[in-house]
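Single-letter residue listing:
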Amino acid sequence: MTALDQRPQSVELEIDGMTCASCATRIEKKLNKVDGVSATVNYATEKAKINNVGDHGIDELIKVVEGAGYRASVPSTTPTGSDADDPTAALREKLIVSAVLSVPVILLAMLPPLQFNGWQWLSLGLATPVVLWGASGFHRAAWVNLRHGTATMDTLISMGTLAAYAWSVYALFFGTAGHPGMTHPFSFRLEQGDGLGNIYLEAATAITTFILAGRYFEARAKRRAGEAVRALLTLGANEVSVLREGTEHRVPVDQLAVGDEFVVRPGEKVATDGVVASGRSSIDNSLVTGESVPVEVGPGDEVIGATVNAEGRIVVRATRVGQDTQLAQIARMVEAAQTGKAQVQRLADRISGIFVPIVIALSLITLVTWLLLGAGAAFAFTAAVAVLIIACPCALGLATPTALLVGTGRGAQLGIVIKGPEVLEDTRRVDTVVLDKTGTVTTGAMSVAGVRPVAGVDEAEVLRLAAAVEDNSEHPIARAIVGGFDSLALAQPTEGLALTQPTVGVTDFINRPGLGAEATVEGRRIKVGRPALVDGELPAELRAAFDEGRAAGRTAVVVIADDDPIGVIEVADTVRPSSAEAIRRLRALGLRPVLLTGDSATAAEQVAAEVGIDEVIAEVLPTDKVDTVRALQAEGRRVAMVGDGVNDAAALATADLGIAMGTGTDAAIEAADLTLVHGDLLLAGDAIRLSRATLGTIKANLFWAFAYNVAALPLAALGFLNPMIAGAAMALSSVFVVSNSLRLRRFKAYAR
């Protein structure tokens, strides 16, 4: 039995031939008409996800897609990466060849001094491959649209280019345009004529080249849609040390089976989801959960694949492998969320759906009217075809890509990456901004928040002794304490006690997984960690300090010198200095901020109060962040999500607008619509303002791209169109679009 004959309950097909979101909608409707089948088509990733396949074979589903005018195939399992596998390579080739051939055609038509004897035939030779090969994708899409009774941007492009080319060929072979010495004189006079002495090859080639350029840049942006899932799947470990008959064997992680026990040493990634069988350690879950405080684990505790073992050696028993792991589930959620967002239709297509039928009707009315008025057939056809030619402006192809080019370029200067045109519409509609706490509102790095010594002991001394011990550990809390001492030493080099290097005189270091660490410092036995390290009870003042720190959402550790507790050090994730101002600016844009975190409610509320956020959703599991975003959307809100972790990736893709911190994980960055390169939350307001400004520019460009040509339609219908007027309309509309887009270079960011 072949792969195509199998009957799985859920299949995925690669779709080829889609040119706009309406194509995806058309295929989706066709598939959903198949009895029992539930399908979604993702225009961005060019894939169809088909559920409830039942007794329908994959061959049958492929035929349904082909019946809609598109091509479908089973995705290849072979990794791609070469240029030959690049889906944009063919489009890039068409663009380059078309541009090279079009330039001389345009110059010959627009500059009479270049019009040598026989130039029109050279133009025909250069224009033919551009119109027939370069624009073949537009012609095919227009044919599919015609079969389904719809009209899109492709219909307008195909109709205009073929009309200009066909009339030019007719004029060359059956009119006077092919005669030796024919020129296009530089004249803007409105004179009626039969058009048999004019050619419009420059219009056909320019339109094709400009639209191809826009499609190529769009295709490049689309190709990145699947990179979020690929980034997620590369986060896990590649190899694992499996225990078999008491001996470690290094094997690829895909050979791991449920029930296998494997070793995870300090600094290594946990290979897959499992339960600790033996040993104690601290697990850094920040990669998956986003929370910076390591979790202490021991026998019986669950661990998540792709997290990092921060301290001791542990043995883990695998409970989930492959596609069943939490990481794989998050990857699936990201892909599902991207599918849900793929229904955004291009503005130009929506306009074309109305404009194209009007133009066709006007062309037919022009033809019939002139024939009824007694004009010659050649004159009537000239006027009718001129209507079709002038209706397809090359400025339409410039409207979106030029604004995007300038807008994204200005964004890059400011540290903002905008992924594509559909993102811009989302920024206009959002009214709620959900902010992940750790790594977004806060730095994601732990630091010393306070030192509470017992009476008679200096704060600096408590911090110095603790740092001396912790300098031997890579635990995040240990690094925070050492960093706190370094900062204090730099700030107070001569005050109080001599703040020497903490490593001087440190011996007999012992790591106590799950409890803390200890060492001999200058002859004294110093312990740093949980209260369980204390023999007996903590003094009342330290117990109160410890409980207060925990209540405030901080991590508190006790410092013990020769069995006597001498102080408590509080460590916490610190709020970014710019966060409060960033929240104020987001509110000024009409956005309602919400703090979302997997951390405790106490810690979350403290951070929210510090930055000015009223709405807090805390203690949320990574998989529940998507549900939280959907719940807000169900309330009628348009949600922007700002995050940085793997656990945020699915929520970023689910939100109406995903904004990733550039200092975060690759998975979050790829899943988001906007990326703040410098990881500064202040940029979020700038990103939304710039996106809205770029969208406004695109709409203005589209309006004028149509307006210039709509204004010229009556002239064409009256038979007054000559090559100079056609060229002027094309040039003026293009100049306006480009100059209007260049205004985005003056976009000003908020003062820092």
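Just so you know, these numbers come straight off a predicted model, no measurement behind them. Residues take numbers from 1 onward in each chain, read along the sequence in its written order. Thresholds applied to this predicted model are a pLDDT of at least 70 for local features of residues and 80 or more for the giving and counting of side-chain atom pairs; totals over whole chains, interfaces and linings are not thresholded and use all residues. To obtain the side-chain values, all non-hydrogen atoms of the structure were included, while hydrogens and water were left out.

Let's talk about the overall build of the chain
Point 1. Helix and strand counts for the chain stand at 25 helices and 26 strands.
Point 2. Classification of the 752 residues of the chain by burial places 53% in the buried group.
Point 3. Residue pairs in contact within the chain that sit at least 24 positions apart in sequence constitute 70% of those at least 6 positions apart.
Point 4. Values of accessible area rely on a 1.4 Å probe in the Shrake-Rupley scheme; residue burial ignores everything except the protein chains shown. About 31300 Å² of surface is accessible on the chain, with carbon and sulfur atoms providing 57% of the total. Elements are defined by DSSP. Helices are runs of H or I of four residues or more, strands are runs of E of two residues or more, and each kind is numbered from the N terminus. Buried residues are those whose accessible area, probed at 1.4 Å on protein chains only, stays under 20% of the maximum for their type, while exposed residues exceed 50% and partly exposed ones sit between those limits. Throughout, a residue-residue contact means that at least one pair of heavy atoms, one from each residue, lies within 4.5 Å.

Here's the deal with the sheet that holds strand β5 (residues 239-244)
Point 1. In space, the six strands of this open sheet follow the order β6-β5-β7-β13-β8-β11, with antiparallel pairing throughout. Lying at the two open borders of the sheet, with one neighbouring strand each, are β6 (247-252) and β11 (302-303).
Point 2. Think of it this way: DSSP has to see at least two bridges between two strands before they count as a pair. The pairing of strand β8 (residues 273-278) with strand β13 (residues 314-320) spans five bridges and is classified as antiparallel. Note on β13: the bridge partner recorded for Gly274 is Ala318.

Regarding the side chain of Asp260
Point 1. Along the chain, the position of Asp260 falls in the loop between β6 and β7 (261-264).
Point 2. Within polar-contact distance, the side chain of Asp260 engages the backbone nitrogen of Ala257 at 3.0 Å.
Point 3. The residues touching Asp260, leaving out its near neighbours within four places in the chain, are Val242, Arg244, Gln255, Val316, Arg317 and Ala318. Two N or O atoms form a polar contact when they lie within 3.5 Å of each other; inside protein one atom must be a possible hydrogen donor and the other a possible acceptor, and for residues adjacent in sequence the pair counts only when both atoms belong to side chains.

Comments concerning the UniProt feature "transmembrane region" (unreviewed entry) in the chain
Point 1. According to UniProt, the feature "transmembrane region" (unreviewed entry) maps to residues 95-112, 118-135, 156-179, 199-217, 351-373, 379-406, 700-718 and 724-742 in the numbering used here.
Point 2. Between the C-alpha atoms that bound residues 118-135 there is a distance of 25 Å. The span itself is 89% helix and 0% strand. UniProt positions are given in the numbering used here, feature names are shortened, and annotations may be inferred rather than shown by experiment.

Quick notes on the packing of helix α6 (residues 153-174) against helix α12 (residues 377-390)
A pair of packed helices is captured by two measures, namely the crossing angle of their axes and the spacing between those axes.
Point 1. Axis separation between α6 and α12 bottoms out at 8 Å; the angle between their running directions is 145°. Judged by the twist between their axes, the crossing of α6 over α12 is left-handed. Between α6, through Met159, Gly160, Ala163, Ala164 and Trp167, and α12, the contact on the second element is made entirely by Ala378, Phe381, Thr382, Val385, Leu388 and Ile389.
Point 2. A class-by-class count of the residues in the contact of α6 with α12 yields nine nonpolar, two polar and no charged. Axis lines are fitted through C-alpha atoms, for helices just across the contact stretch, and the angle between N-to-C directions can take any value from 0 to 180 degrees. Each crossing gets its handedness from the near helix: less than a right angle anticlockwise from the far helix is left-handed, clockwise is right-handed. Here the term charged refers only to Asp, Glu, Lys and Arg, the term nonpolar to Ala, Val, Leu, Ile, Met, Phe, Trp, Tyr, Cys and Pro, and the term polar to all other amino acids, Gly among them.

Comments concerning the packing of helix α3 (residues 89-110) against helix α4 (residues 119-134)
Point 1. Orientation of α3 relative to α4, taken along the N-to-C sense of each, is 150°, at an axis distance of 9 Å. Judged by the angle between their axes, α3 and α4 are roughly antiparallel. Both α3 and α4 take part in a crossing whose hand is left-handed. Between α3 and α4, the contacting residues are Glu93, Lys94, Val97, Ser98, Leu101, Ser102, Pro104, Val105, Leu108 and Ala109 on the first element and Trp119, Leu122, Ser123, Leu126, Ala127, Pro129, Val130, Trp133 and Gly134 on the second.
Point 2. For the contact of α3 with α4, the per-class residue count stands at 13 nonpolar, four polar and two charged. In these notes the angle categories are as follows: under 35 degrees is roughly parallel, over 145 is roughly antiparallel, 65 to 115 is roughly perpendicular, and the rest is oblique.

Focus on the pattern of salt bridges
Point 1. Here, a salt bridge means any side-chain nitrogen of Lys or Arg that lies within 4 Å of a carboxyl oxygen of Asp or Glu. Applying the stated criterion across every chain, the model contains 27 salt bridges.
Point 2. The partner of Arg464 in a salt bridge is Glu522, with the nearest N and O atoms 2.9 Å apart. One end of the pair, Arg464, is in helix α16 (residues 459-470); the other, Glu522, is in the loop between β18 (516-521) and β19 (524-529), and 58 residues separate them in sequence.
Point 3. Residue Arg464 is classed as buried on the basis of its relative accessible area, which comes to 9%.
Point 4. Here Arg592 ties to Glu615 by a salt bridge, and the two come within 3.1 Å at their closest N and O atoms. In this pair, Arg592 sits in strand β22 (residues 592-596) while Glu615 sits in strand β23 (residues 615-617), placing the two residues 23 residues apart along the sequence.
Point 5. One connected set of salt bridges, linked through shared partners, spans Glu461, Arg464, Glu522 and Arg524.

A few points about the confidence of the model for the chain
Point 1. One number per residue, pLDDT, summarises how confident the predictor is, and it ranges from 0 to 100. In the predicted model, the chain carries a mean pLDDT of 79, and 82% of its residues have values of at least 70.
Point 2. Every residue in residues 1-6 is under pLDDT 50, and counting partners more than four places away or in other chains gives nine contacts.
Point 3. Scored below 50 in pLDDT, residues 340-345 shows 21 contacts in the model against residues more than four places distant or in partner chains.

Some thoughts on α4
Point 1. For a helix, the expected span equals 1.5 Å multiplied by the number of residues minus one. The end-to-end C-alpha distance of α4 is 22 Å, a good match for the 22 Å that 16 residues give at a rise of 1.5 Å each.
Point 2. Among the residues of α4, those classed as buried are Trp119, Gln120, Ser123, Leu124, Leu126, Ala127, Val130, Val131 and Gly134.

Some thoughts on the sheet that holds strand β25 (residues 657-661)
Within a sheet, neighbouring strands are paired by backbone hydrogen bonds and run either parallel or antiparallel to one another.
Point 1. Read across the open sheet, the seven strands follow the order β14-β26-β25-β24-β15-β22-β23; overall the sheet is mixed. At either end of the open sheet lies a strand with only one pairing partner, and these are β14 (416-418) and β23. The sheet shows a mean angle of 20° between the axes of neighbouring strands, taken without regard to direction.
Point 2. Pairing of β25 with strand β26 (residues 674-676) involves three bridges; the strand directions are parallel. In the strand pairing of β26, Ala660 is matched with Thr675.
Point 3. Along the sheet, helix α21 (residues 624-634) makes contact with β15 (432-436), β22, β23 and β24 (639-643), crossing β24 at roughly 155°.

So, the pairing of β5
Point 1. Pairing of β5 with β6 involves six bridges; the strand directions are antiparallel. By the bridge assignment for β6, Val240 is matched with Val251.
Point 2. As consecutive antiparallel partners, β5 and β6 are separated by two residues, and within that stretch Glu245 has a phi angle of approximately 55°, a positive value.
Point 3. Of the pairings in the sheet, the one linking β5 to β7 comprises three bridges and is antiparallel in character. When the sheet's bridge partners are listed, Leu243 is paired in β7 with Glu261.

Section: the packing of aromatic side chains
Point 1. Geometry of aromatic contacts follows a simple scheme: Phe, Tyr and Trp rings, the Trp one being its six-membered ring, pair when their centres are within 6.5 Å, and the pair is stacked under 30 degrees between planes, edge-to-face over 60, tilted otherwise. A full pass over the atoms with the stated rule returns three aromatic pairs.
Point 2. Note on Trp167 and Tyr170: the rings are 5.5 Å apart at their centroids and 35° apart in plane angle, and the pair reads as tilted. Separated by three residues within a single helix, Trp167 and Tyr170 lie in helix α6, roughly one turn from each other.
Point 3. Among the aromatic residues, ring-to-ring pairing joins Trp167, Tyr170 and Phe174 into one connected group.
Point 4. The aromatic ring of Trp133 is capped on one face by Lys94, whose charged end is 5.9 Å from the ring centroid. Whether a charge sits over a ring depends on NZ of Lys or CZ of Arg being within 6 Å of the ring centre and within 35 degrees of the ring normal.

Looking at α3
Point 1. Taking 1.5 Å of rise per residue, 22 residues should cover 32 Å, and α3 covers 31 Å from first to last C-alpha, within 8% of that figure.
Point 2. Ser102 marks the point of greatest bend in α3, at about 25°, and the proline Pro104 comes within the next four residues. The bend at a residue is defined as the angle formed between two axes, one fitted to the seven residues ending at that residue and one fitted to the seven starting there.

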